[in-house]
Structure formats: C-alpha cells, structure tokens
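Coordinate analysis (summary)
Single-letter residue listing:
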4 protein chains.
Amino acid sequence: MPNFNVGVLGATGAVGQKFIRLLQDHPWFTIHSLGASSRSAGKPYVEAANWIESTEMPESVQQIVVKDCTPKAFAGVDFVFSGMDASVAGDIELDFAKAGIPVISNARNFRTDPTVPLLVPEVNPGHTELIHQQSFTDDGSGWIVTNPNCVAVPLTMSLKPLHDQYGIKSVILTSMQAVSGAGYPGVPSLDILGNVVPLISGEEPKIHAEPLKVFGTLKDGKLTHAEIPIQATATRVPTINGHLLSVTVGLHNKPSSAEEAIRAVKNWESPIAKYDLPTAPDFPIFYHDDERYPQPRLHADSERGMRTAVGRIRSSNVLDLTFVAMAHNTVRGAAGGAILNAELLVAKGFIK
Amino acid sequence: MPNFNVGVLGATGAVGQKFIRLLQDHPWFTIHSLGASSRSAGKPYVEAANWIESTEMPESVQQIVVKDCTPKAFAGVDFVFSGMDASVAGDIELDFAKAGIPVISNARNFRTDPTVPLLVPEVNPGHTELIHQQSFTDDGSGWIVTNPNCVAVPLTMSLKPLHDQYGIKSVILTSMQAVSGAGYPGVPSLDILGNVVPLISGEEPKIHAEPLKVFGTLKDGKLTHAEIPIQATATRVPTINGHLLSVTVGLHNKPSSAEEAIRAVKNWESPIAKYDLPTAPDFPIFYHDDERYPQPRLHADSERGMRTAVGRIRSSNVLDLTFVAMAHNTVRGAAGGAILNAELLVAKGFIK
Amino acid sequence: MPNFNVGVLGATGAVGQKFIRLLQDHPWFTIHSLGASSRSAGKPYVEAANWIESTEMPESVQQIVVKDCTPKAFAGVDFVFSGMDASVAGDIELDFAKAGIPVISNARNFRTDPTVPLLVPEVNPGHTELIHQQSFTDDGSGWIVTNPNCVAVPLTMSLKPLHDQYGIKSVILTSMQAVSGAGYPGVPSLDILGNVVPLISGEEPKIHAEPLKVFGTLKDGKLTHAEIPIQATATRVPTINGHLLSVTVGLHNKPSSAEEAIRAVKNWESPIAKYDLPTAPDFPIFYHDDERYPQPRLHADSERGMRTAVGRIRSSNVLDLTFVAMAHNTVRGAAGGAILNAELLVAKGFIK
Amino acid sequence: MPNFNVGVLGATGAVGQKFIRLLQDHPWFTIHSLGASSRSAGKPYVEAANWIESTEMPESVQQIVVKDCTPKAFAGVDFVFSGMDASVAGDIELDFAKAGIPVISNARNFRTDPTVPLLVPEVNPGHTELIHQQSFTDDGSGWIVTNPNCVAVPLTMSLKPLHDQYGIKSVILTSMQAVSGAGYPGVPSLDILGNVVPLISGEEPKIHAEPLKVFGTLKDGKLTHAEIPIQATATRVPTINGHLLSVTVGLHNKPSSAEEAIRAVKNWESPIAKYDLPTAPDFPIFYHDDERYPQPRLHADSERGMRTAVGRIRSSNVLDLTFVAMAHNTVRGAAGGAILNAELLVAKGFIK
C-alpha cells in the first residue's frame, strides 16, 4: 500500500481542520507537518487551533508543533495540501513548488494558471497531464494541482453525464449555499438566521469560469476551455453543510425524454472507478428517485461527504432540462476533493 | 369615506387570521361576520381560533361568534373575503356568489375560471371588467375575484415593468419559499431546520400557469392568456415570511444595458396610484440598489408587507436579464393582496 | 457471541426508525419482525414507512412485510423493542408480556408500574432484579423493562456521580430540548424557527417523577423511590438532536470545591463497564473541560449518540453546584438506551 | 412639549443604530450629532455605517457628518446617549461628564460606580437622586446614568412585583439569549445555527451583581446594595431578538398560592405611570395567561419592544416560585431602556 508523509498548509483554518479530520485514518497519507501563520508557529496544534469540527481533534495531531509555511520547515514531506487563504496562498504555494514539493491546493490562486490542472477526478482525470507543462522546477519534481470552487465541483459533476451524452450548450443556475462555505467566523448569525442573502460576493465569476476549464479539451499539452455560457445567482441560506444547486441546461443534442436523461445519469460510469481510490465514493454521482431529495441536512454526509447527489431531472420548456444537485461543500467541494486529487495523482504515478 | 361590512370565510386558519389582523384598523372595511368549519361554529372567535399571529388577537373580534360558512349566516355583509382551504372553498364560494354576495378569494379553486379575474391590482387592473362576464346571479350582484399564488404575485409584479418595456419572452426561476406559505401546522421543523427542501408539491404548475392569465389580454370580454414559457423550481427554505425568487428572463426587445432595465423598473408607475387605495404601498415595486438586498427577514415587512422588492438586475449571458425579487407571501401574496383587490373593486364601483 | 431474533413494535414511527437504524449492524440482535398499525400491516417496510433518518433505509429491512402488533404475528422473536406511541403501547405491550415475549419498551405506559424497572444501565443496573416480581406469565418468561423519558436519562446520568459522592438533596433544572423529541411531524416550523417555546406539554411531571424511581432503593424485591424534590422548566429550542440541561443541585454532603466535584465526575466508573456491552460508550458520562461545551449540534453524536456529556460544573451560591448536561434524545434518551437495556439483560441472563 | 438636542456616541455600532432607529420620530428628542471612531469621523452617516436594522436608515440622519467623540465636537447637544463599546466608553463618557454634558449610557463602564444610578425606571426610579452625589463638574451639570445589562433588565423587572410583595431571598436562572445581544458581526452562524451554546463569556457576573444595585436602598445619598444570592447560567440560542429567562426564586414571605403571586404581578402598578413618558409601555410587566407564552419571536416586539413579558408563574418544590420572563434585549434591554431613562430624567428635571 502506498505510504506518504504529507504536510498541511493553513492547518489552523476551517479548511485545514477539515484536511486533518479527513486524513485522520487515511490508509495512504500520514500527517507529518502542519503549517500556519507566524502567530501560530511554534505552538502545539492543540493550542494553536480553535477547533471547530464536531468530532474531537485527533490525538495524533494535538502535540505536533505548528511550523511556518516554508519549504525548509516542511523537509521530509512527500507533498503538501494547501488550505490557506487566497491572500497568502499564492506566494507560499509557489515557494513550495519551486522547492520541488508538490502542492495539492484548495486555494483559488493557481486555478486559472494554464498549466495547472483544475481537477475533479471523475470529470477531467486526463488533465493531470498538464502537470508536465509546469516549469516550477527543472526536473518536474515541484508542481501544483488545484480543485475548483465548492459550487463548481457539484456543478461539473452533475453536468458530466449529460455533457458526455448530449453536450451542454448553456447553463442557468441558482445556488443555495451553506454557511460553512464562508469559513470561520464567516457569516454572522444576524445576517442569516431565518433569512436568505441573495448575493455571495465574488462567487458568481468563479462559477461562470471554472467549469469551462474543467470541461476543457487537452491536446498537445495545451488546454482549450469549453465554450458554455453559464449564468449563476449565488445565495446564502441557513444550512450548515451542503450547497444545493437548481440548474437548467440547454443541450446540443436533445434527449427523447427526461427519463432518458435520468438513465444517462444513472448509467454513467466513473472513469476513475478502476483505480479503487480510498476516498472515492461508490456512487460519485447519485441520483435520488424521491423528488423531495437531495436535501443538504439529510444527504451532505452520504458516503462520507464525497458524493454529488442529483434529483428532479425533468424537461424545461425554456431550455432543455432542469434538475437539482447537491454536494458537501467543505468535503467534496474542498478538502475531500483535494485528497481525492492526491489519490488520483498517486495512482497515476505523479506522487511517488 | 367608503364603509362596508365584510365577512371572512375560513377565519380560524392561517390566511383567515391574517385577514383579521390586516383588517383590524382598516378605514373602509369592518369585520361583521366570521365563518369557519362546523367544528368552530357557535364558539366565540377567541375560543375557536388557535391564534398564531405575533400581535395579539384584536379585541374587536374576540367575542364574535363564529358561523357556518353559508350565505344565510352571513346576511348583512357587503362582501366576503375567503381564506378557506381549497378542499372546501369551491362549493362554498359558489354558494356565496349565487346568493349575490361578492367573494374576494385567496383560494385557488376559481383562479382558472375564464370569467374570474386573477387580479394583481398593479399588473392587470383592467381585468376587473371580466366580472361582467360572470353569470352566478342574474343581476350581476354575486361574483368572484381571485388573487394568484404567493409566488405568482411577486413574479408578475417584478416582471411587469420589464414586460411593459421589453416584452417577456421566457422565464426561468427558482423560488426560495418561507414556511408560512404552508400554513399551520404546515412544514414540520424536522424537515426544514438547517435544511432546504427542493420540492414544494403542487406549486410549480401554478407558477407556470397563473402569470399567463395575469398577463393575458382582455378584448370584447374575452381573456386571451399570454404565451410565455415559464419554468420554475420551487424550494422551501427556513425563513418565516417572504418568498425570494431568483429569476432569469428572455425578452422580445433587448435593453441596451442592465442599467437601462433598472431605470425601467425604477421609473415604472403604478396604474392604480391614482386611486390612492389605503392598502396600496407607495412603492409597489421597489428596487434595492444594494446588491445584498432584498432579504426576506429584513424586507418582507417593508410598507406593511405590501411591496414587491427587486434587486440585482444584471445581464444574463444565457437569456437576457436576471434578477431577484421578494414579497411577503402571506400579506402581499395572499390576504393583503386580496384586501387590495377589494379596495380596487370599491374604487371601480364593483363593490358599492 | 449472543445471537437473538428481535422484533420492533411501532416500526414505522420516528422511534421505530431509530431502532432499525441502530440495530442495522448490531452484533447480537437481528431484526426478525416489524410491527405497526393495521394501516401499514401487509406492506413491505419500504412502502409502509416515511423514512426520516438521514442515512438510507437499510436494505435488510426494506422488503420485510410489516405485521400487526400481535404476539402471534411475532412468533419466532426472542424479544421485542417497543417504540409505539403511548396511546396504544399499554395494551399491546401487555399482550406480548402475557404471551411470554419480553418487551424492552421506550413507551411511558409501564414506567410507573412498581414491578417494571425504569432502567438506565449505568445508573441503576441492579433494578433488573425487579423483573422477578413481575407476574405477566406464570413461568416468568414474559416481562417488561422500560427506559426513562429523554430528559430523565441525561439528568440521572449526570447526577449519578454526584449522588454517589455527595447525595442529591434537591434539583432545579431548565431543559432546552431538540425538536426530534416530539417525533414526526412533531413541532411545526412556524412555532420554533428563530424561537424558543417555554413549555413542553406533559414533560415536566415526567422529569419530576422518573428520576426518583431510577434512584430508588431495591430491597427484598421492593423498590422505594428516592425523595428528591426536582423542579423543571422544559423548553423547546430550534435544535435537531440533543437535549441540553442547565441543572442546579443541593447536596447532602458538600464538596470542598467545584474542582473536587469535577474530579468525582471524571473518576466515576461505570458499574456495567465489566460487561463490555456492544452499545455502551467508553465514556458514558463525559466531562468537557472547555466551558463552551457540550453543545447539541457538536456533541450529540459523540460515541454514536450514547454519551451523556457534562460541563461547566461550578459552585452555586443558592444551592450547592450547578452544571450543564446533554445527551442525544432519540439515541441515548430513547432507542439507543433501550438497546443498551437489552444488552444488559442479555449479559445478566434475563434474555437467553 | 420638551425639546432637546441629543447626541449619539458610538453611532455606527449595533446599539448606536438602534438608538437612531428608536429616536427617529421621538417627540422630545432630536438627533443633533453623531459620534464614532476616527475611522468614521468626517463621513456622512450613510457612508460610515453598515446599517443592519431591518427598517431603512432614516433620511434625517443619512447626511449628518459623523464626528469624533469629543465634548467639543458635540457642542450644542443637551445630552448624549452612549452606545459605545466598553473598551472605549469609560474615558469618553468621563470626558463628556466633566465637560458638563449629561451621559445616558448603555455601556457597562460606570455601572458599578457608587454614585452612578443603574436605572430601570419602573424598578428604581428614586435612584436618580444619586446624581446629586456625582462630582464630575462643580455645578452638577455633567453626570452619568446607566442602564443594566440586557438580562438584568427583564430579571429585575419581572422580580419587581414579587420583591415588593414577598421579598426576593434567592434567585436561580437560566437565560436563553438572542444573537443580537452580541452585536454585529457577533455570533458566527457556524456556532449557533441549530445549536445552543451553554456559555456567554462575561455575562453571568453581571447578572449576579447588577440586580443587587438596582434593588439597592438609597438613604442619605448612599446606596446600599441588596443582598440576594443570584446564580445564573447564560446560554445563547438561535433567536434574533428577545432574551428568555427561566427563573426560580426563594421568597422571604410566602404567597398562599401561585395564583396569588400571579395576581400580584397583574395588579402591580408602575411607579412612573404618572409621568406618561412617550417610550413607556402601557404594560411594562405583562403577564401571559397562555402557558406557551412569552416566546421571543412572537412577543419581543410587543409595545415597541419595551415590555417585559412574564408567564408560567407556578410553585417550586425546591425554592418558592418559578416562572419565565422575556424582553427585547436591544430595545428594552439596551437602547430603548436608555431612552426611557432619559425621559424619566427629563420628567424629573435633571435634563432641562
């Protein structure tokens, strides 16, 4: 079985804590180093972090002394996960990559870099080849892989079977996003208790752009983005975990019926099933026949939060199809997605 | 000043209670009779009703003895408001109309009757003329007017200025509906606390159909429905009052910019402003420049719950424009809308 | 390893569903029969139940045909769990006991029967001896054991170490109870969203009385109730699972300090630890040093929902000590507690 | 009618905004100056404040240029309200008092000063005489009056009729406090959605101490605090406005029954009713006969948020009586209480 020492950058933040929780019993990856800002560096993790996960802090990390986020301090790791805030992630991730330490990042800084894969393993596993185009190090030992925004993940996953079968032509969506998406302290309770906020600042441009890279075509080492107009309204709702999307799509080829499209989703097979990755869910795209589902509170944790759930596929009299989709935003849409990325990169030999 | 005796049918239910609260200090209408099921009939209202409004039950109604919902029992009223459940409203409203008692109804039973106006005063005030086509009584003394579903109200109101200016061609919307829309006991807390339910059973067909009648064209006493494909996803969110809509529209004529469309909304003038109706808000369609607004908890009660608030008008790269809209579902979208309908019908001389 | 066939009475209700979920992978107990009202009888469980648990309905029960709740229909079971509503539980449980089928009940009907143990395994394990006083059958094969109300469970558990050490003299508490305690549909969302209801009808008398039986003294087959004045205010708060209690106690013997009392709680040892029961938590009474804890949303699920969490023990200047306690109301306080009762009864040879 | 120019210190914060909203149409007080930190000073209020009230910012204040909080900048005001944070309120309030400008403060800094009244007009109106003991200025023109903490207000008010009649001997309470009590941004939604937090840091000492001053006896210009042991557990619940208290009291003289105590509350007469103050509610202590009441969401706004509601008075078998009480924490328990204090001080001639 593979066995790697990993570091976590931004270990005290909400995403970092989720990395630590999800890596707790990981069969391949062992937490070796934890990094945070200089305010936390030097303290044992149990003192540095204001632990907000509902399970207790794993004993194995409590006494790990938090380090500064420098490649030197992280000597001995095989690669790092980055859960840093975008305000600092750019420079630090670059340092690590240049120092020959692979970076699996949840931050947005390198998502738009043309040589950096924006990876959703079930959707665009072949984009890992872009890594060969990266020039952070002469010998290719240092590279960066990112995962998309927490809405773009369930959006591209739920669209994938339909895109494969019919070709997505256009997308209109409204997202109803959980408060955990804003980190901690994040959304003030006075803003969201018994309320919906019809704007999440800075979110919609990411939803418009990132799926085009995920659905892009890689040829001769060059990625050409897909051309699909997407129009999103991102709202915040008083749920804890699980972003719910209401999606309407235009298609290049028309299904004969909504039922046919449902079958396309149900029969879709994950291109990474063959790797049997430890974090991969059995049903990465799960279709709920019950029209009342999926619901964030009931289903965000299904298959350890790694599923994208889909429901209510039906015909649209304006575009072609409409449906709802949902995934756990801080697991599948962030730390869990990054861990699955790392597993795919192990399986493909990029991490070795 | 006009002065009418009114009855309320279904007075003990959630909509009936809202009628009573809103009529409490009404300058034109005085509550004369309250009707409910035979289980309540004969009891003073204070005993018959499980009062759920947040303000206290008006003293003026506490000792009114609840009656059966029969025209005979309601002798002396000039007209009735109906807040009855659809399961019983059809037959009873018919009885009242045949007995020469005008019915201003919030129930859905007669909404699709081709001679019954589906009235939103600011949107289709001229549809009151349909009343002349009704034949419940020989002398025209008994008639029925309805208001649309609580989503169709803010939808048609928010679309109205754009429809006037550009012609609505198609509509895609996601509604995020408050729990008060389901009445009492309504939505179980176990279903909705910290959750979103992506289906409201039976809601979407009403949203698809009712606006077509509201936007219909009346000619020679015959109403021709508008032909606008509408596609809705109706969801339930944990808010108390105020249905929020995320709407995207295609237009027949294109505005030069989103700003132009915003001006069209801001400059739109209500066709019923001239009547100076007591329940009419100063700004029936209010545009929020702050992108974070409207929000149900903050704005549902603006102008006593009678406003439709609009915000975030911007260009859509799939259809033409996209925006959010919100109105108080049990005031503007139900009892308050019905009271405004009654006021318009007084102003136009139908109630006299 | 023990291996028993069990039946679940009231299998389609909220408590029944919890039994089924918790028994899903139980090492000793296999679901053999499911019973519900005649409305459900004859249908496969998947059709009869409106499944409200957040995990999916176990495949193993989906095709089990629901039976009427009669001893004859349950032939072949070694004992039954009862999750029935109190309105029907009395007669049916009596039928089963008389037919020689042991009943482990969560219903309140037999809780006050002087020969029926009101059992919390960690608190009064010796009360199982009361079973010998029961006379439902001549040969003692049929008997009934109950568990207390969902507040009385964490109350008696959190008081137990203090009672052992200092003797509880009086108790004042305010409970903040989760909506799942009212079953389904239970609490209307209009009542509880963004609200607290300062009364749970019928709850306080149970909290006042049941701990006195749990803390009772068994001598010569006769149970003498404890004499401890308890005064409770039971409120409903918008949480899903986990009843939180704010408790102040008078003591017969005074601890020298709150710290001493904290040590008494931490050092307390469960009298049933020796049995190593599969559902028993490692820390049935867990003390949180962090003053912000326990919290229902974070800690109700700790150790599969079987823990009672305690925190904030400090001196009271009115009585002697004050603290907070919390347990999962539908697991530890209902179905999970009943399963632990059954396990203890297996270990002690009552179920064989 | 009295007419005074008032200033608001801390005008951009949550309490300051509440002052502005409540003063909007005040018959006696006109907002003359608004003060905030140097970050806001110099900007028109509409730009300086992140307005969080649900009604729109009054037009009358939008263009007022925010000033530094110095007596010089506030020349022309008759007195000031202080809604400043405790971290800065001490020095600034002292400056104003020394400059001869009366300060009606909601901050806690001077609450424990033996010459500063901790004023709840209905409870200890005579404590205004303490002002004569203040020596901030030689001529007595500058002085400070404070109001208690937002729990101490409904606690002292609800205890007042019982204290008058029976003498309060001891108090045990659990508070369930709304999120607005923590200001803005205040409580993170991740902490409180679907949750209860059993600790509000720093709150309990205030609840223990402040009522003793409020119930203190003034003799020869010297205030002797009451001696009543109070023990509080302060919890945070997911409500917006309205702190709910569950209170149990020991009494020096015993009522013959709970009903007698209820009558004592209902028959209690406010000592300030004679002044007919504009902000005073008709029923400052309102008793709900319905056992389900008071509830924060339904009743916090009753009588413009100025009432303390009481319910469920019943006998306690541990102490003497137990009941629930509730008041709007940011109106009655903060800004509204301060405004009422100002009105009383006008009526008594301290402000002139």
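Our subject is the structure listed above.
A few points on the structure.

**Comments concerning the relation of the copies chain A and chain B**
- Superposing chain A onto chain B takes a rotation of 180° combined with a translation of 0.0 Å along the rotation axis, leaving an RMSD of 0.0 Å. As the rotation angle and translation indicate, the two copies are arranged about a two-fold axis.
- The residues that chain A uses at the interface reappear at the interface of chain B in 100% of cases, marking a shared surface.

**Describing the relation of the copies chain B and chain D**
- Relative to chain D, chain B is turned by 180° and slid 0.0 Å along the rotation axis, the superposed coordinates differing by an RMSD of 0.0 Å.
- Interface overlap between copies is the fraction of interface residues in one copy that are interface residues in the other; for chain B against chain D it reaches 100%, indicating a shared surface.

**Quick look at the sheet that holds strand β11 (residues 243-251) of chain A**
Residue and element names in this part refer to chain A.
- Here we have six strands laid out as an open sheet, ordered β10-β7-β11-β14-β13-β12, and mixed in their pairing. Both edges of this open sheet fall to β10 (230-236) and β12 (285-288), since each of them pairs with a single strand only. Along the sheet, successive strands turn relative to each other by an average axial angle of 25°, direction set aside.
- The pairing of β12 with strand β13 (residues 308-315) spans four bridges and is classified as parallel. Along β13, the bridge assignment pairs histidine 288 with glycine 311.

**Considering the packing of aromatic side chains**
- Applying the stated criterion across every chain, the model contains 44 aromatic pairs over all chains.
- Ring plane angle 85° and centroid distance 6.1 Å describe the contact between phenylalanine 110 of chain B and phenylalanine 136 of chain B, whose orientation is recorded as edge-to-face. You can see phenylalanine 110 of chain B sitting in the loop between β5 (103-105) and β6 (144-146) and its partner phenylalanine 136 of chain B sitting in the loop between β5 and β6, a full 26 residues away along the chain.
- In this structure phenylalanine 110 of chain B comes out as buried when scored by relative accessible area, which is 11%.
- Measuring from ring centre to ring centre gives 6.4 Å for phenylalanine 4 of chain C and phenylalanine 29 of chain C, while their planes differ by 55°; the resulting arrangement is tilted.

**Brief notes about the interface of chain B and chain D**
- Listed by partner, the interface residues are 13 residues for chain B and 14 residues for chain D.
- Between chain B and chain D, a total of about 970 Å² is buried, with carbon and sulfur atoms accounting for 40% of that surface.
- Contact with chain D buries area across many residues of chain B, yet Ser54, Glu56 and Leu298 of chain B alone supply 39% of it, more than any other trio.
- Of the charged contacts in the structure, one is a salt bridge between arginine 307 of chain D and glutamate 56 of chain B, with a shortest N-O distance of 3.2 Å.

**Considering the sheet that holds strand β13 (residues 308-315) of chain D**
Residue and element names in this part refer to chain D.
- Pairing within the open sheet is mixed, and its six strands lie in the order β10-β7-β11-β14-β13-β12. Two strands close off the open sheet at either side, each with one partner strand: β10 (230-236) and β12 (285-288). Sheet twist, expressed as the average angle between the axes of neighbouring strands with direction ignored, equals 25°.
- Contacts from helix α7 (residues 203-214) reach β7 (168-177) and β10 within the one sheet, and its direction differs from that of β10 by about 140°.

**So, the interface of chain A and chain B**
- Contacts between the two partners involve 45 residues from chain A, matched on the other side by 45 residues from chain B.
- A combined buried area of about 3,400 Å² lies between chain A and chain B, and 57% of that area is made up of carbon and sulfur atoms.
- Interface area lost by chain A to chain B is led by Pro198, Arg297 and Val318 of chain A, which between them contribute 17%.
- One salt bridge in this structure joins glutamate 204 of chain A and arginine 312 of chain B, with 2.7 Å as the shortest N-O distance.
- Viewed at the interface, chain B and chain A are joined by 26 residue pairs in polar contact (both at pLDDT 80 or more).
- Sorting the residues of the side of chain A that touches chain B by element identifies β7 (168-177), α6 (189-192), β10, β11, α9 (296-299), β13 and β14 (321-327) of chain A as the ones contributing at least two each.
- Counted by class, the side of chain A that touches chain B contains 24 nonpolar, 14 polar and seven charged residues.

Quick notes on the rules
- Residues numbered from 1 in each chain as written.
- Chains lettered and ligands numbered in written order.
- Predicted model: local features only at pLDDT ≥ 70, side-chain atom pairs only at ≥ 80, totals over all residues.
- Heavy atoms only, no water.
- Least-squares fit on C-alpha atoms with pLDDT ≥ 70 in both.
- Contact = heavy atoms within 4.5 Å.
- Pairing = 2+ DSSP bridges.
- Helix = DSSP H or I, 4+ residues; strand = E, 2+ residues; numbered from the N terminus.
- Axes fitted to C-alpha atoms, helices over the stretch in contact; angles between N-to-C directions.
- Phe/Tyr/Trp six-rings, centres within 6.5 Å; stacked < 30°, edge-to-face > 60°.
- Buried < 20%, exposed > 50% of the residue type's maximum accessible area, 1.4 Å probe, protein only.
- Buried area = accessible area lost by both parts, 1.4 Å probe.
- Salt bridge = Lys/Arg side-chain N within 4 Å of Asp/Glu carboxyl O.
- Polar contact = N/O pair within 3.5 Å; in protein donor to acceptor, adjacent residues only side chain to side chain.
- Nonpolar A, V, L, I, M, F, W, Y, C, P; charged D, E, K, R; others polar.

Honestly, that's just the spatial picture; any functional story needs more than this.
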